Amino acid sequence: MAMSANLLAVPVAAPLLTAALILLFARWGGRTLIRHQIALTTLALCINLVVAVLLFRAAAGQGQRFVLQLGDWSAPFGITVYGDGLSTTLLLLTALVALAVYPFAVATIDYHRARMGFHPLYLFLLMGVNGAFLAGDLFNLYVFFEVLLMASFVLLTIGAQPAQTNSGIRYVVLNLLASTVFLVAAGIAYGTLGTLNFAQIAERLPLASPAVRTVFAGLLLVGFGSKAAIFPLFFWLPASYHTPPPAVTALFGGLLTKVGVYTLFRSFTLFFPELLLSWQPTLLTIAGATMLVGALGALAQPGIRRVLSFHIISHVGFMLMGLAVALSGNSLAVGFGLGAAIIYLCHHMIIKTALIMAGGAVELYMGSDRLASIGGLVSRQPLLAFLFFMAAISLAGVPPFSGFVSKLSLLQITLDTRHWVVAGVSVFASLLTMMNMMRLWRESFWGDYSRPSRIPSRILQSRARQQLMLTPVALLVLLSLALGILGEPAFRLSMQVAQQALDRQAYIEAVSPSSQVSALQIHSHTFEVETVSTTRP
Amino acid sequence: MTSLLLAVAVGSLFASGTYLIMRRGQIKLILGLALLSHGVNLLLFGSGRLTEGRPPIFLDKTGYAETIELNLPADPLPQALILTAIVISFGITAFVIVLVNRRHTVTQTDYVHGEFVPLLREGDPFDFSESTEIDQHDWLAYEVDEVYDNDELLTGSPSFPPSEQDESTAMEEDQYKWP
Amino acid sequence: MPELYLRFLNRILTPVLLLLSLYLLLRGHNLPGGGFIAGLMAAAAFQLQILSRGHDRVRRTIGPYLNSGIGLGLAIAICSGIVGLLDGFFFKGVWFSLNLPLLGYLKIGTPVIFDLGVFLVVVSVATSYLLGLSRVSDAAALLRRDTDSPVPPDSPASVLWDANVETGPGADS
């Protein structure tokens, strides 16, 4: 029994509806306002997780492809929502990360921010991310990008402290520029190919002139790349991620750049698989530079969250390396690189969120995250020290954890395809990561206990809140451990997912099952209408 | 001819938008963003092929196929795309204006500071022992302990009625009942 | 104190603008118009109120309902999509025909309801943005008059934040 494709609407509709309800009753809540908001949000996050698990099992486990044509309008005319292994994997991880960060957010977000609408914004952000993973055409991808950006703008600046507004401006401007570039790409796609639907673009792009292909691919690389924070376009990330409350940083670090990475994966495998080969040197150079700059930049940073946000950049470089070598193996190993990149993406989303939450907890206990002014927390918070250590070595890639499996597989495919330089760079970046993680741990947990410069917030004096803060970190670390121990089946699964994502023909067939819609044909650069038959209800 | 005109308009909008964004003033920034979004909207408009005087929607369904065969209809999609893009840029412009206004009130300056100034200081770049220097350079520097959960600093924030203030302190001291 | 002619125009124009926005909302399915444009038109009516009567009074009148308006609009829009689920597809248009005594034959469907949701969201977002901005400019003027020196960084004068400006209008339309 195939599951109904209508399930695809839930990850977007459920958070939106819940946020709408929260806003609707925000006025009448009275004393129990925030409590009800928290309960509703938790409910929505749980529904989201359940649906994501269902979709993941069907799509990634059994290789199903879900296509929902909204309102029964067939593919190029209506809005297509598409879910396959790749998007449902990310959907599942997003649901996990969102659910894991939420207790931390509940424990640490203060009353003022909650009053200003933190909880509905959390749901709006989740909705935008989910929608971007499920979008089946370029313009809806843009819309969901903007939804998630809008939510992230407000989450970033909520509370409106000076540092937040200052970083908020940089974040907003650079992300808007990226969106503009992306929208230009969409306009060019519509002008030259006459469509915005992913499947139809994939169908028609091989017929288009090389100039169109190159411009389109370049614009998408710049637009998505700057969302993903690749090498020359990453400046918005370290400029802003350290200013909001740690819960917000954990959510951003887990989700936002991954949307850019996902869209890079999707667009390059679906639209230009041949460019993936001819642009391989460029992509590998970008990947190497991203890894190196991220790791080196982290070395020069004075605070926990600044270090961690530079490491996000470094790890995006690893994923890009996986994409760049995706098609270059022999015919048996096609997709190996992408599979490795996908498993790296999973590992990164899980462990980076855990690490930022642990770092945020350190920050809350010490009253500061500047490494020079903190230290010796291991005697006061042994559990936190343990969890931070586990997460840190997992990020660095030490064997029992998921970091090892993912880095090993990436390195293996890169060496197999004889890209020695970038492989060397990735090893070097991993070493730097290890060094940085050890620096973080040593500076914040070892040494003499330095009394916090300010009295740590009263929030942390209750046991319940400490448990709310640390339990999700522990669960995510356990998940990373499980992913590392079950590396073999996980890797096989992600190989399947990658194969599915690389199968362009199946995507095109899944989205437009009938040939009713092949009405527009391209003649050089203009097109003529021959017959139009829509399935107009 | 019209398409050339359109191309020139799009190009000049992009050029002036980019120039304005490069400046360090915030008002110029807003204007630049607005110009850029206008440029993109115009580009989307041009992507639908400029056809003059043709209807996009046929109310007379019987002559539908013949009309299409005779001449290309106007493309109805770009206007929908532009409308959506306008909605989005409206929302974002609104947000940026409020943000900039807020920042201007706090800092009394229109100037956008650089972020990486402290990294350019002399001496050992990895020596963080005297990190006060960073604060001096970037006086909007990040101070986590002041940023959240400190009620006293939110002096001007909207005052809650007494009942809600109770709740606020209850949350702080965790007599608050968690769901 | 607002000008006399503004107050006078306000009385005439506000009902006209509101009626016009309703008209635009209802004709929007097949003809130019629709939820977004109608919403902006209604927000213009509220802006006229803000200009002529001062933002304080307007805020006291409609301010508390704005967040609820956003929520209600989003909820209506999503629910109109869920209605389509009964017919098999999310967001499928479902049409009802009503035979009303006075108006005659009326065809109403989920797209119209969706537009109504969009209308509510746009009115609320735009109005709360206008209200927030008017308060911001007021406070900024006040602050400039009060202090000559720049505000020290550790005492942010944070009168200004309006949380209402935030929901993405990109979600609709």
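What counts, and where the lines are drawn
Residues numbered from 1 in each chain as written. Chains lettered and ligands numbered in written order. Predicted model: local features only at pLDDT ≥ 70, side-chain atom pairs only at ≥ 80, totals over all residues. Helix = DSSP H or I, 4+ residues; strand = E, 2+ residues; numbered from the N terminus. Contact = placed C-beta atoms within 7 Å. Buried ≥ 20, exposed ≤ 12 C-beta atoms within 10 Å, placed from the backbone. Pairing = 2+ DSSP bridges. UniProt positions renumbered as here; feature names shortened; annotations may be inferred. Core = buried A, V, L, I, M, F, W, Y, C linked by C-beta atoms within 7 Å. Axes fitted to C-alpha atoms, helices over the stretch in contact; angles between N-to-C directions. Parallel < 35°, antiparallel > 145°, perpendicular 65-115°, else oblique. Left-handed = near helix turned anticlockwise from the far one by under 90°. Nonpolar A, V, L, I, M, F, W, Y, C, P; charged D, E, K, R; others polar. Expected span 1.5 Å × (residues − 1). pLDDT = per-residue confidence, 0-100. Bend = angle between axes of the 7 residues up to and from the residue.

Participant: Explain the overall build of chain C to me, using residue names and the numbers behind them.
Facilitator: Assigned secondary structure in chain C consists of five helices and two strands. Its helices and strands in sequence order give chain C the pattern α-α-α-α-β-β-α, from N to C terminus. Summarising the internal contacts of chain C: among those between residues at least 6 apart in sequence, 71% fall at separations of at least 24.

Participant: Now, about the overall build of chain B: what can you tell me, with residues and values included?
Facilitator: Within chain B, the regular secondary structure consists of seven helices and zero strands. Written out in order from the N terminus, the α and β elements of chain B read α-α-α-α-α-α-α. Looking at the 179 residues of chain B, the share that counts as buried comes to 27%.

Participant: I'd love a proper account of the pairing of strand β1 (residues 66-69) of chain A, names of residues and values included.
Facilitator: Residues and elements named next belong to chain A. Judged by which residues are buried, β1 turns out to be covered on both faces: Phe 66 and Leu 68 on one side and Val 67 and Gln 69 on the other are all buried. Sheet analysis places β1 next to strand β2 (residues 80-83), joined by four bridges and oriented antiparallel. Looking at β2, one finds that Leu 68 is bridged to Val 81.

Participant: Got a sec to walk through the UniProt feature "transmembrane region" (unreviewed entry) in chain B? Specific residues and values, please.
Facilitator: Residue and element names in this part refer to chain B. Annotation from UniProt places "transmembrane region" (unreviewed entry) at residues 6-22, 29-48 and 80-100. Structurally, residues 29-48 is divided into 95% helix and 0% strand, and its ends, taken at the C-alpha atoms, are 29 Å apart. Counting secondary structure, residues 80-100 comes out at 100% helix and 0% strand; the distance between its end C-alpha atoms is 30 Å.

Participant: Can you explain unusual backbone geometry? Please cite residues and give values.
Facilitator: Residues and elements named next belong to chain A. Residue Ala 229 is not a glycine yet carries a positive backbone phi of 65°. The residue Ala 229 is located in the loop between α9 (210-228) and α10 (236-240) in this model. Judged by the 28 C-beta atoms lying within 10 Å of it, Ala 229 falls in the buried class. Of note, Arg 418 is a non-glycine position whose phi angle comes to about 60°, a positive value. Its place among the elements puts Arg 418 in the loop between α17 (402-416) and α18 (420-445). C-beta crowding within 10 Å serves as the criterion here: with 9 such atoms nearby, Arg 418 is assigned to the exposed category.

Participant: Any details on the UniProt feature "transmembrane region" (unreviewed entry) in chain C? Residues and values, ideally.
Facilitator: Residue and element names in this part refer to chain C. The positions UniProt marks with the feature "transmembrane region" (unreviewed entry) are residues 12-29, 35-52, 64-91 and 111-131. Helix makes up 100% of residues 35-52 and strand 0%. Its end C-alpha atoms lie 26 Å apart. A helix fraction of 100% and a strand fraction of 0% characterise residues 111-131, whose end C-alpha atoms lie 30 Å from each other.

Participant: Quick rundown of the nonpolar core? Include the residues and the values.
Facilitator: Residues and elements named next belong to chain A. Counting 272 residues, the largest nonpolar core has Val 101, Leu 323, Ala 358 and Ala 391 as its most contacted members. Broken down by element, this core gets its largest block of residues, 22 residues, from helix α15 (residues 336-366). Apart from residues no more than four positions distant in its own chain, Val 101 is found in contact with Ala 247, Ala 250, Leu 251, Gly 254, Thr 353, Met 357 and Pro 472.

Participant: Residue-level account of the environment of Thr2(B), with values.
Facilitator: Locating Thr2(B) in the fold gives a position in helix α1 (residues 2-22). It is 9.7 Å that separates the C-alpha atoms of Thr2(B) and Gly46(B), two residues lying 44 residues apart in sequence.

Participant: Requested: an account of the packing of helix α5 (residues 118-134) of chain A against helix α11 (residues 246-270) of chain A, with residues and values cited.
Facilitator: Residues and elements named next belong to chain A. Two elements in contact, α5 and α11, have axes whose closest approach is 10 Å; the angle formed by their N-to-C orientations is 25°. With respect to α11, the element α5 is oriented roughly parallel. α5 and α11 meet at a crossing whose hand is left-handed. Residues Leu 125, Val 129, Ala 132 and Phe 133 of α5 lie in contact with α11, whose contacting residues are Leu 251, Leu 255, Val 259 and Tyr 262. Residues that form the contact of α5 with α11 fall into these classes: eight nonpolar, no polar and no charged.

Participant: Please provide a residue-by-residue account of helix α1 (residues 10-24) of chain A, values included.
Facilitator: With 15 residues, α1(A) extends 20 Å between its outermost C-alpha atoms, agreeing within 8% with the 21 Å of an ideal straight helix rising 1.5 Å per residue. For α1(A), the buried fraction is high: 13 of the 15 residues fall into the buried class.

Participant: Quick rundown of the environment of Cys346(A)? Include the residues and the values.
Facilitator: All names here are of chain A. Along the chain, Cys 346 turns up in helix α15. Take Cys 346: there are 24 C-beta atoms within 10 Å of it, and that puts it in the buried class. Residues Cys 346 and Thr 89, spaced 257 residues apart in sequence, show a C-alpha to C-alpha distance of 8.3 Å. Once residues lying within four places of it in the same chain are set aside, the contact partners of Cys 346 are Thr 89, Leu 93 and Leu 483.

Participant: I'd like a description of the confidence of the model for chain C, backed by residues and values.
Facilitator: All names here are of chain C. Across chain C, the average pLDDT comes to 76, with 75% of residues at or above 70. Segment residues 148-173 is flagged for pLDDT under 50; beyond a separation of four residues in sequence, or across chains, it makes 84 contacts in the model. In the predicted complex, the global pTM is 0.85; the interface-specific ipTM is 0.82.

Participant: Tell me about the environment of Pro232(A), and name the residues and values.
Facilitator: By the secondary structure assignment, Pro232(A) is in the loop between α9 and α10. Classification of Pro232(A) by C-beta neighbours within 10 Å gives exposed; the count is 12.

Participant: Give a description of helix α3 (residues 85-108) of chain A that names residues and reports values.
Facilitator: Residues and elements named next belong to chain A. For α3, spanning 24 residues, the distance from its first C-alpha to its last is 35 Å, which sits close to the expected 34 Å at 1.5 Å a residue. The axis of α3 is deflected most strongly, by about 25°, at Tyr 102, and proline Pro 103 appears within four residues downstream. Burial analysis of α3 places 23 of its 24 residues in the buried class, the great majority of the element.

Participant: Before we move on, could you go through the packing of α15(A) against helix α19 (residues 463-485) of chain A and cite the residues and values that matter?
Facilitator: All names here are of chain A. Two elements in contact, α15 and α19, have axes whose closest approach is 9 Å; the angle formed by their N-to-C orientations is 150°. With respect to α19, the axis of α15 lies roughly antiparallel. Classified by chirality, the crossing of α19 by α15 is left-handed. Only Met 469, Leu 470, Pro 472, Val 473, Leu 476, Val 477, Leu 479, Ser 480 and Leu 483 of α19 make contact with α15, whose side of the interface consists of Cys 346, His 347, Ile 350, Ile 351, Thr 353, Ala 354, Met 357, Ala 358 and Ala 361. Here the contact of α15 with α19 is composed, by residue class, of 15 nonpolar, three polar and no charged.

Participant: Report on the confidence of the model for chain B, specifying residues and quantitative values.
Facilitator: All names here are of chain B. Averaged over every residue, the pLDDT of chain B is 66; residues scoring 70 or more account for 47%. Predicted confidence for residues 117-122 stays below pLDDT 50, and this span has nine contacts to residues more than four positions away or in other chains. With pLDDT under 50 throughout, residues 127-179 is counted as low confidence; its partners more than four residues away or in other chains account for 76 contacts.

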